[in-house]
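Residues per chain, in single letters:
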Amino acid sequence: MIDFDNVSMRYGNGHMALHHVDCHIEREEMVFLTGRSGAGKSTLLKLIMLMERPSSGRIIVDGLDLGAMPRRQIPFHRRKVGVVFQNHQLLFDRTVFDNVALPLIIEGHPPREIGRRVRAALDKVGLLKYEKHNPIALSGGEQQRVGIARAVVNKPALLLADEPTGNLDPELSAEIMHLFEEFNQVGVTVLIATHDIALINSMDHKIMSLDHGENAGGVR
Ligand SMILES: Nc1ncnc2c1ncn2[C@@H]1O[C@H](COP(=O)(O)OP(=O)(O)OP(=O)(O)O)[C@@H](O)[C@H]1O
């Protein structure tokens, strides 16, 4: 599903964030991406989303060479990729329903279908009863679940998460990780960047490590 072949990434200020990185993630696999702060985890995720372009090397996602992708194809590529952020980036002046509906509204789906799909996603993360609430009234763990519902509402083949449990206590973090496992079990490829070594060691998934922008040992 994801192949990085000798990928390097230099930001505009000259900083080399990734050096000759290789990465291979199979379809329907769940993988943790780990490494210290600044190791290049977010950069790797941004390259998959085409928020950044590599300085060199080749990236294939879902059979498509991102380097050869014309600009007009980028929105279609991004629809295949659901993204969960640490701070979940919810809109606090909209309801939970409206937050989750956003990707479907942008894609122009009819209102009835939006209602059906948003409620299915909220049901999956256990938050259907909060659809009319404002997310500000929810706990941190519940807000993160709204972020996950929004990431999966258009049924992406690939789910990326950047420190999704960074602000949560260990119990809530484990719950969120199990939720990702449930999506993985129904065929979604999942890649999660996290510092939380204790949590990922307690789960049985492949681990990819970066160290100062390079592939590091300890891959499981
Ligand atoms: N837009 C940018 N411009 C310049 N340098 C950047 C930019 N984004 C990240 N960097 C640098 O690239 C390196 C890798 O950053 P990145 O955010 O990918 O690491 P990370 O492993 O995700 O870190 P964290 O765990 O703290 O989020 C860091 O040294 C960072 O300062």
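Data block above holds the structure.
Report follows, based on the coordinates. (Residues numbered from 1 in each chain as written. Predicted model: local features only at pLDDT ≥ 70, side-chain atom pairs only at ≥ 80, totals over all residues. Heavy atoms only, no water.)

What follows is about the overall build of the protein. Of regular secondary structure, the protein possesses seven helices and ten strands. Computed over C-alpha atoms, the radius of gyration of the protein comes to 17 Å, within 12% of the 17 Å expected from 2.2 N^0.38 for 220 residues, which places it in the range of a compact globule. On the principal axes, the C-alpha backbone points of the protein span a range of 45 × 40 × 35 Å. Taking all 220 residues of the protein together, the buried fraction comes to 48%. (Helix = DSSP H or I, 4+ residues; strand = E, 2+ residues; numbered from the N terminus. Rg over C-alpha atoms; globule rule 2.2 N^0.38 Å. Buried < 20%, exposed > 50% of the residue type's maximum accessible area, 1.4 Å probe, protein only.)

Right, let's talk about the site of the ligand for a bit. What surrounds the ligand is a group of 13 residues, the closest being Ser-37, Gly-38, Lys-41, Ser-42 and Thr-43. Contact between the ligand and Gly-40: an oxygen atom at 2.9 Å from a main-chain N or O atom of the residue. The contact in question runs from an oxygen atom of the ligand to an N or O atom on the side chain of Ser-42, over 2.7 Å. The element that contributes the greatest number of residues to the shell around the ligand is helix 1 (residues 41-48), accounting for three residues. Of the residues assigned to the shell around the ligand, the class counts are three nonpolar, eight polar and two charged. (Near = heavy atom within 4 Å. Polar contact = N/O pair within 3.5 Å; in protein donor to acceptor, adjacent residues only side chain to side chain. Nonpolar A, V, L, I, M, F, W, Y, C, P; charged D, E, K, R; others polar.)

A grouping of Asp-3, Asp-5, Asp-22 and Glu-26 is seen on the molecular surface, where their side chains present a negatively charged patch. Along the chain, the position of Asp-5 falls in strand 1 (residues 2-10). (Patch = residues over 30% accessible without salt bridge, like charges linked within 9 Å, V, L, I, M, F, W, Y side chains within 5 Å. Areas by Shrake-Rupley, 256 points an atom, 1.4 Å probe, with all protein chains shown as cover. Salt bridge = Lys/Arg side-chain N within 4 Å of Asp/Glu carboxyl O. Lys, Arg positive; Asp, Glu negative; His and termini not counted. Charge placed at Lys NZ, Arg CZ, Asp CG, Glu CD.)

Along the chain, Glu-163 turns up in the loop between strand 7 (158-162) and helix 6 (170-185). A distance of 2.7 Å separates the side chain of Glu-163 from the side chain of His-195, its partner in a polar contact. Other than its neighbours up to four places away in sequence, Glu-163 contacts Lys-41, Gln-86, Ala-193, Thr-194 and His-195. (Contact = heavy atoms within 4.5 Å.)

This paragraph deals with the nonpolar core. Grouped together as the largest cluster of nonpolar side chains are 38 residues, with contacts concentrated most on Phe-32, Val-100, Val-118, Ile-148, Leu-159, Phe-180 and Ile-192. Secondary structure elements with two or more residues in this core: strand 3 (30-34), helix 3 (96-107), helix 4 (111-124), helix 5 (140-152), strand 7, helix 6, strand 8 (189-193) and helix 7 (197-201). Residue contacts for Phe-32: discarding those within four places in its chain leaves Met-177, Ile-192, Thr-194, Ile-200, Met-203, His-205, Lys-206, Ile-207 and Met-208. Formed by 32 residues, the second largest nonpolar core is a distinct cluster that contains Leu-158, Leu-160, Leu-191 and Leu-210. (Core = buried A, V, L, I, M, F, W, Y, C linked by side-chain atoms within 4.5 Å.)

In this section: the packing of aromatic side chains. Counted under the stated rule, the structure contains zero aromatic pairs. Sitting over the face of the ring of Phe-183, Lys-124 holds its NZ or CZ atom 5.5 Å from the ring centroid. (Phe/Tyr/Trp six-rings, centres within 6.5 Å; stacked < 30°, edge-to-face > 60°. Lys NZ or Arg CZ within 6 Å of the ring centre and 35° of its normal.)

Okay, the sheet that holds strand 4 (residues 56-61) next. Read across the sheet, four strands follow the order 2-1-4-5 without closing on themselves; strand pairing throughout is antiparallel. Of all strands in the sheet, those bounded by a partner on one side alone are strand 2 (16-25) and strand 5 (64-65). In the sheet, strand 4 pairs with strand 5 via two bridges, with the strands oriented antiparallel. Considered in strand 5, the bridge of Val-61 is made with Leu-64. Along the sheet, helix 1 contacts strand 1, strand 2 and strand 4; its crossing angle with strand 1, the most-contacted strand, is approximately 115°. (Pairing = 2+ DSSP bridges. Axes fitted to C-alpha atoms, helices over the stretch in contact; angles between N-to-C directions.)

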